[in-house]
Amino acid sequence: MSRNDALRAARLRAGWRSADAAAASLQAHGQRLLDDPHFTVSPRTWRRWEGTRPGWPSEETALVLHDALGRWPEDLGFTAPPGWIRPEHHEETGMRTARLLDVTAAALVPGPLAPQQVDPALVDYFQSQLEGHYRADMLLGPHDLIGTLGPQYQLIDKLTRSATGETRRGLLRVGAAYAALVGWLYQDAGDLSAAAFWRGVTQETALRARDPHLIGYAMVSSAQVRTDLGDGAGVVDLCEAVLDGTDVVPKIRVMAMQQQAHGASLLRDRAAVDRLIDGADRLLPQVTDDLPWGNACRRTPGYLEVQRATCYGRLGLGAEASALWAQVLDVVPSVARRDRGVYMARHATAAAASREPEQAVEIAREVVTIAVETGSARMRRELATLERVMRPWQDAPVGRALAEALAPVTEGS
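Residues numbered from 1 in each chain as written. Predicted model: local features only at pLDDT ≥ 70, side-chain atom pairs only at ≥ 80, totals over all residues. Heavy atoms only, no water.

Caption draft 1: Examining the pattern of salt bridges more closely. Summed over all chains, the structure comprises 22 salt bridges. One salt bridge connects Arg-308 with Glu-305, and the closest N-O pair in it is separated by 3.2 Å. Taken together, the residues Arg-308 and Glu-305, both in helix α15 (residues 303-314) and three residues apart, mark about one turn of the helix. Residue Arg-308 is classed as buried on the basis of its relative accessible area of 10%. Accessibility expressed as a relative area gives 27% for Glu-305, which makes it partly exposed. One salt-bridge network, held together by shared partners, links Arg-270, Asp-274, Asp-278, Glu-305, Arg-308 and Glu-320. (Salt bridge = Lys/Arg side-chain N within 4 Å of Asp/Glu carboxyl O. Helix = DSSP H or I, 4+ residues; strand = E, 2+ residues; numbered from the N terminus. Buried < 20%, exposed > 50% of the residue type's maximum accessible area, 1.4 Å probe, protein only.)

What follows is the structure in structure tokens.
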């Protein structure tokens, strides 16, 4: 195992000639930045950071490292824990509070509200909008749509409070689908706290609708967040709870099986990955329902092979993952820009893992353009993973080519 040369190089660029000097300089910088005279970095800690097992710094130390050296810990040779999301630089308490209110406002409107007549046709109206939102998500990415979907959910919630009977249940069902999509948009934007909040709203609304299919869909949606958090056991728990039920349509079972495969890959169980993906593939022809939500398994070309390739990449099976990504990308349309960018970034990482760094850089150049256009945090995280896998070549021409290619998404990050 090599020493942490990335941190050492950053130290020398900053003019810190030794570990002792670096620790003293970072400590002084942190005390000023955090306005905390007790912030401490010892020479022993710094030497450990430059060793073979640097560990992971606290969130406040990560902020200080970033402010002092211009790079986040995962770019300085530290190994990021599962689910690590970069904190906003110099985020003030008031800003955090304002953001929390912004995230939750659409779902937490106090009531009761003034009653109004609710036409049953409104259920069909909101359902008809969903497919357009799903298509827009593939084309635009999350940031442009979050501001549109939140107010629409708020309107559905308002109408639900006045509606009765089947109209009310219909609005609850469509409201759950909207909440799930808002949660997904936040997840794609890299905000797992907001994503988890909206996944909770999805589950609550599905339970109120007493719809077993939606309840299963909501649980799989929560499992997606658990996957991004690196919680394999949590993913498996949620998906097994869905699959233990007998009254859900095949589509929900397919969704639960493929998501459980992601949990299995986090638990390093390749046999379970293949068993679950193969089982979902056998079930896929039975997906014939007309429900307006959760149709990625029908809409996404090579849907299950996308999941298998992702799981293989997570398991470190570079050559096998790379071959699968090449097949998948042959059938993914160019208009599905955000998804295609994520898949290509994973393909680049798989190529690097299978000792094909030149191919990885070639793929990464196109991914960077898509990442900048869509603002997808998932894509940026995949590129950060690629950067870590490419570290053995960081001082070679191909490594410098990668750094140049990634500059539009790493500078100022």
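Still more ground to cover, so stick around.
Caption draft 2: The arrangement of the nonpolar core in detail. Counting residues in hydrophobic clusters, the biggest one holds 103 residues, and the most contacted among them are Leu-171, Trp-198, Leu-383, Leu-386 and Met-390. Setting aside anything within four residues of it in sequence, one finds Leu-171 in contact with Val-118, Val-123, Phe-126, Ile-156, Leu-159, Thr-160 and Ala-163. Counting residues in hydrophobic clusters, the runner-up holds 16 residues, among them Leu-7, Ala-22, Ala-23 and Trp-46. (Core = buried A, V, L, I, M, F, W, Y, C linked by side-chain atoms within 4.5 Å. Contact = heavy atoms within 4.5 Å.)

Caption draft 3: Here's a closer look at unusual backbone geometry. You will see that Arg-268, though not glycine, has its phi angle at about 65°, which is positive. Position of Arg-268 relative to the elements: it lies in the loop between α12 (250-266) and α13 (270-283). In the Ramachandran plot, Arg-355 falls in the positive-phi region, its phi being about 65° despite a non-glycine side chain. Tracing the backbone through its elements, the reader meets Arg-355 in the loop between α17 (337-353) and α18 (357-374).

Caption draft 4: A look at empty space enclosed by the protein. The full count for this structure, using the stated rule, is one cavity of 30 Å³ or more. Quantified by volume, the largest cavity comes out at close to 40 Å³. Taken together, Tyr-153, Ile-156, Asp-157, Thr-160, Leu-171, Leu-172, Gly-175, Thr-205 and Arg-208 make up the full set of residues lining the largest cavity. Among the elements of the structure, α7 (143-162), α8 (165-188) and α9 (192-209) are those that each provide at least two residues to the lining of the largest cavity. A breakdown of the residues in the lining of the largest cavity according to their chemical character gives four nonpolar, three polar and two charged. (1 Å grid on protein atoms, 1.4 Å probe; cavity = no way out; pocket = protein on both sides within 12 Å on 5 of 7 lines; lining within 4 Å. Points joined across faces, edges and corners; volume = space filled by probe spheres on them. Nonpolar A, V, L, I, M, F, W, Y, C, P; charged D, E, K, R; others polar.)

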